[in-house]
Amino acid sequence: MEPPENDAVGFDSAEKIILRWDSTVSEEAREKMIFNGDRHEIDRYLQAVDEIQRSMESTTLSDDQDKANSAIQIAMARLEDEFRNILIAHTSAIEAESLTDPSPSSVNSGEFNLPEEDYHDTPTSTDDDSFTKELDHQESSTSSYRSTNSIREVDLMPSEAIYDLCCIAERMISAGYLRECIQVYGSVRKSAVDLSFRKLGIEKLSIGDIQRLDWETLETKIRRWIRAAKVCVRVLFASEKKLCEQIFDGLGTATDDACFMETIKGPAIQLLNFAEAISISRRSPEKLFKILDLHDALSDLLPDIEIVFESKSSESIRVQAVEILSRLGEAARGILSEFENAVLREPSKVPVTGGTIHPLTRYVMNYISLISDYKQTMGELIVSQPSTGSRYSSDPNTPDMDFGDLEGQTPLALHLIWIIVILQFNLEGKAKHYRDNSLAHLFMMNNVHYIVQKIKGSPELGETIADNYVRKLTGKFRIAATSYQRATWVRVLHCLRDEGLHVSGSFSSGVSKSALRERFKSFNALFEEVHRTQSTWLIPDTQLREELRISISEKLIPAYRSFLGRFRSHIECGRHPENYIKYTVEDLENAVLDFFEGYAVSQHLRRRSQ
């Protein structure tokens, strides 16, 4: 930078100007700042400094050299104070409108919910933290993280202040005061960054502090970190870099980069340490989706980090970000593997009442449905088929899985199918704890049907798992429904057969009334028992419940109507026919409507049985 255009200043005059502003000997100099005054006085002082520096280069006499050294030391001390004062005067947190993510993308807000529970989580914020409140509005979007042209630099200081800082920095550096210049700049600007950090809700926590927090607290902090990290990299750090370039660019020795790293290295490491702490924390299933949110956010930020921290001296920041991203991916894969094992080993043995959908089924299917919402990320992280499970497993506690039947499925789809396979395997074990074989089949029908409906009801999950596997699952729950009907209704319908009722082996020779009475009594008792128990069983899905009732009616009602039509007269001509023919066809039709409601409904039969 050329010295200010003004009248030339000789050495003696320059020395007087320097000494007049020596704050160690002048009270006036201590109370006033040069750069707060008029432009003429500023330019005179800068010219005086330039003259002293030129004199130092040209003088050969030791006395003159000593005077020049003394004057330049006084001048540098003064300029350092002026430099600090200008920086402090323009040090404040970034304005509120700048503390928002400049990219059009936003956080994937998939939440992992336990079955049948609403999840309500409002990030905590203080009344005066308007910035955090404003940032909370960004959570409503569910778009992916992928962004372009996302860096938005803002002006941190007015151009007049930048010009003055540049003038001072040039003279301090040329006089050999580079280290002092960097230290002053870094210390002041770090305070500005810290203030913005507080506005963004970023706390100074060590990795140990973070790992000791309960998960509910961490979930809130993760959401806040994701929003804040975007602003830090794309706005705050990028703007700090721009300011360094505006002040120090062209002064040599990579001063701008040195000042930038002095300012933001600590805050950047503090920011990344949070993600690192999460990446190495204890793994558990509920953490997967927040870890994926962190992974997506950091993956999206990585190109911006490469730009903002492009210099050799900031390589450590780039390397740390890449390593954390890798560890987050490893953590996600590890959690998925541990979840698979947890589903396989889930130990509950108490049968669910009424054969309804087991909480494990809801939990697992909610979980893999949410995994499919992260299909792109999980697809990038999972590149191999699950190592557990084979067509012929020698372990009786591990299911078989024939990968040959699943050709064309992606590695992610194979993992999700494997989880469904081990879920079914676990459910089959739970079904064995039902004493009633019919209820065991109903339980499997309910649960496999729920799995199918969950796949079909989720666009992402439906796209991930191919139709041929869904058809295979559909066949399984239909087989379970058929098995239920056989286990329940074969005995009932057996009472409505003709065999054993004819006398002398010929219908024309008559019907055994005693055998017929016993047949009606057996039918009544069996149907009443089935009705009494199975009206307490539950099929939650309305359509499935109606389909099974229709199927039962199609077998039961025609058989009863025919049997009643053939043998009613033989009973009605005897004594107390009402003890044997207790129900009309309409009674049975209405009674079937009581089935699978989940509570005892016996009105349709009670009137007849009393």
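Reading guide: rules and limits
- Residues numbered from 1 in each chain as written.
- Predicted model: local features only at pLDDT ≥ 70, side-chain atom pairs only at ≥ 80, totals over all residues.
- Heavy atoms only, no water.
- Helix = DSSP H or I, 4+ residues; strand = E, 2+ residues; numbered from the N terminus.
- Contact = heavy atoms within 4.5 Å.
- Areas by Shrake-Rupley, 256 points an atom, 1.4 Å probe, with all protein chains shown as cover.
- Buried < 20%, exposed > 50% of the residue type's maximum accessible area, 1.4 Å probe, protein only.
- Salt bridge = Lys/Arg side-chain N within 4 Å of Asp/Glu carboxyl O.
- Core = buried A, V, L, I, M, F, W, Y, C linked by side-chain atoms within 4.5 Å.
- Phe/Tyr/Trp six-rings, centres within 6.5 Å; stacked < 30°, edge-to-face > 60°.
- Lys NZ or Arg CZ within 6 Å of the ring centre and 35° of its normal.
- 1 Å grid on protein atoms, 1.4 Å probe; cavity = no way out; pocket = protein on both sides within 12 Å on 5 of 7 lines; lining within 4 Å.
- Points joined across faces, edges and corners; volume = space filled by probe spheres on them.
- Nonpolar A, V, L, I, M, F, W, Y, C, P; charged D, E, K, R; others polar.
- Axes fitted to C-alpha atoms, helices over the stretch in contact; angles between N-to-C directions.
- Left-handed = near helix turned anticlockwise from the far one by under 90°.
- Expected span 1.5 Å × (residues − 1).
- pLDDT = per-residue confidence, 0-100.

Observations concerning the overall build of the protein
Now for step 1: When its secondary structure is counted, the protein shows 22 helices and zero strands.
Now for step 2: Considering only contacts in the protein between residues 6 or more positions apart, those separated by 24 or more positions represent 82%.
Now for step 3: About 28,600 Å² of surface is accessible on the protein, with carbon and sulfur atoms providing 49% of the total.

A word on the environment of Ile151
Now for step 1: Here Ile151 lies in the loop between α5 (130–136) and α6 (159–174).
Now for step 2: Its relative accessible area of 27% is what places Ile151 among the partly exposed residues.
Now for step 3: With 156 residues separating them along the chain, Ile151 and Ile307 place their C-alpha atoms 9.1 Å apart.
Now for step 4: Residues within four places of Ile151 in sequence aside, it is in contact with Arg234, Ala238, Asp304, Ile307 and Val308.

Regarding the pattern of salt bridges
Now for step 1: Summed over the entire model, instances satisfying the criterion amount to 35 salt bridges.
Now for step 2: The closest approach of N and O atoms between Arg39 and Asp43, which form a salt bridge, is 3.4 Å. Of this pair, Arg39 and Asp43 are both found in helix α3 (residues 39–58), four residues apart, which corresponds to roughly one turn of the helix.
Now for step 3: Arg39 gets classed as partly exposed once you look at its relative accessible area, which sits at 34%.
Now for step 4: The class for Asp43 is buried, based on a relative accessible area of 14%.
Now for step 5: Lys375 is the partner of Glu463 in a salt bridge, and the nearest nitrogen-oxygen pair spans 3.0 Å.

So, unusual backbone geometry
Now for step 1: We note that Phe596 has phi near 65 degrees; this positive angle belongs to a residue other than glycine.
Now for step 2: By secondary structure assignment, the location of Phe596 is in the loop between α21 (585–592) and α22 (603–609).

A look at the nonpolar core
When a protein is soluble and globular, its nonpolar side chains tend to lie buried together.
Now for step 1: Phe83, Phe237, Phe248, Phe309 and Ile371 are the most contacted members of the largest nonpolar core, which has 180 residues in total.
Now for step 2: Sorting elements by how many residues they give to this core places helix α9 (residues 215–248) first, with 18 residues.
Now for step 3: Ignoring anything within four residues of it in the chain, the contact list for Phe248 reads Phe83, Ala169, Ile173, Cys181, Tyr185, Thr255, Asp256 and Cys259.

Digging into the packing of aromatic side chains
Now for step 1: Taken as a whole and judged by the stated rule, the model has 21 aromatic pairs.
Now for step 2: Ring plane angle 50 degrees and centroid distance 6.3 Å describe the contact between Phe527 and Phe595, whose orientation is recorded as tilted. Residue Phe527 is found in helix α19 (residues 513–534), and its partner Phe595 is found in the loop between α21 and α22; the two are separated by 68 residues along the sequence. Taken individually, Phe527 and Phe595 each receive the classification buried, so the pair is uniform in this respect.
Now for step 3: An aromatic cluster is built from Tyr484, Trp489, Phe523, Phe527, Tyr560, Phe595 and Phe596, whose rings are joined through pairwise contacts.
Now for step 4: Positioned above the aromatic ring of Tyr580, the side-chain terminus of Arg517 is 5.9 Å from the ring centre.

What about empty space enclosed by the protein?
Now for step 1: Considering all chains together, one arrives at one cavity of 30 Å³ or more under this definition.
Now for step 2: The calculated volume of the largest cavity comes to roughly 80 Å³.
Now for step 3: Taken together, Trp225, Ala229, Val233, Phe237, Ala268, Leu271, Leu272, Leu298, Leu301, Ile305, Phe309 and Ile317 make up the full set of residues lining the largest cavity.
Now for step 4: For the lining of the largest cavity, the secondary structure elements donating two or more residues are α9, α10 (255–279) and α11 (288–308).
Now for step 5: For the lining of the largest cavity, the element with the most residues is α9, which contributes four residues.
Now for step 6: The class makeup of the residues in the lining of the largest cavity is twelve nonpolar, no polar and no charged.

Observations concerning the packing of α19 against helix α20 (residues 542–572)
What describes two packed helices is the angle between their axes and the distance between those same axes.
Now for step 1: Running from N to C, α19 and α20 point in directions that differ by 145 degrees, and their axes come no closer than 11 Å. Between α19 and α20 the crossing geometry is left-handed. Along the contact surface, α19 presents Lys513, Leu516, Arg517, Arg519, Phe520, Phe523 and Phe527, while α20 presents Leu556, Tyr560, Phe563, Leu564, Phe567, His570 and Ile571.
Now for step 2: Looking at side-chain class alone, the contact of α19 with α20 contains ten nonpolar, one polar and three charged residues.

Examining helix α7 (residues 178–199)
Residues spaced three or four apart along an α-helix point in a common direction, a consequence of the helix completing one turn every 3.6 residues.
Now for step 1: Taking 1.5 Å per residue, 22 residues should reach 32 Å; α7 reaches 32 Å between its end C-alpha atoms and fits that length.
Now for step 2: Among all positions in α7, only Cys181, Ile182, Val184, Tyr185, Gly186, Val188, Arg189, Ala192, Val193, Asp194, Ser196 and Phe197 are buried.
Now for step 3: Directly after α7, the chain includes Gly201, whose backbone phi takes a positive value near 80 degrees.

Thoughts on the confidence of the model for the protein
Now for step 1: Here the protein shows a mean pLDDT of 84. Residues at 70 or above account for 84%.
Now for step 2: Mean pLDDT across the elements of the protein bottoms out in α5 (38) and peaks in helix α16 (residues 437–457) (96).
Now for step 3: Note that residues 1–7 has pLDDT below 50 and, in this model, 18 contacts with residues that lie over four places away or in other chains.
Now for step 4: Contacts for the low-pLDDT stretch residues 105–148, under 50 throughout, to residues beyond four places or in other chains number 106 contacts.

Describing the environment of Leu370
Now for step 1: Within the secondary structure layout, Leu370 lies in helix α13 (residues 359–373).
Now for step 2: Of the residues examined, Leu370 reaches a relative accessible area of 12% and is grouped as buried.

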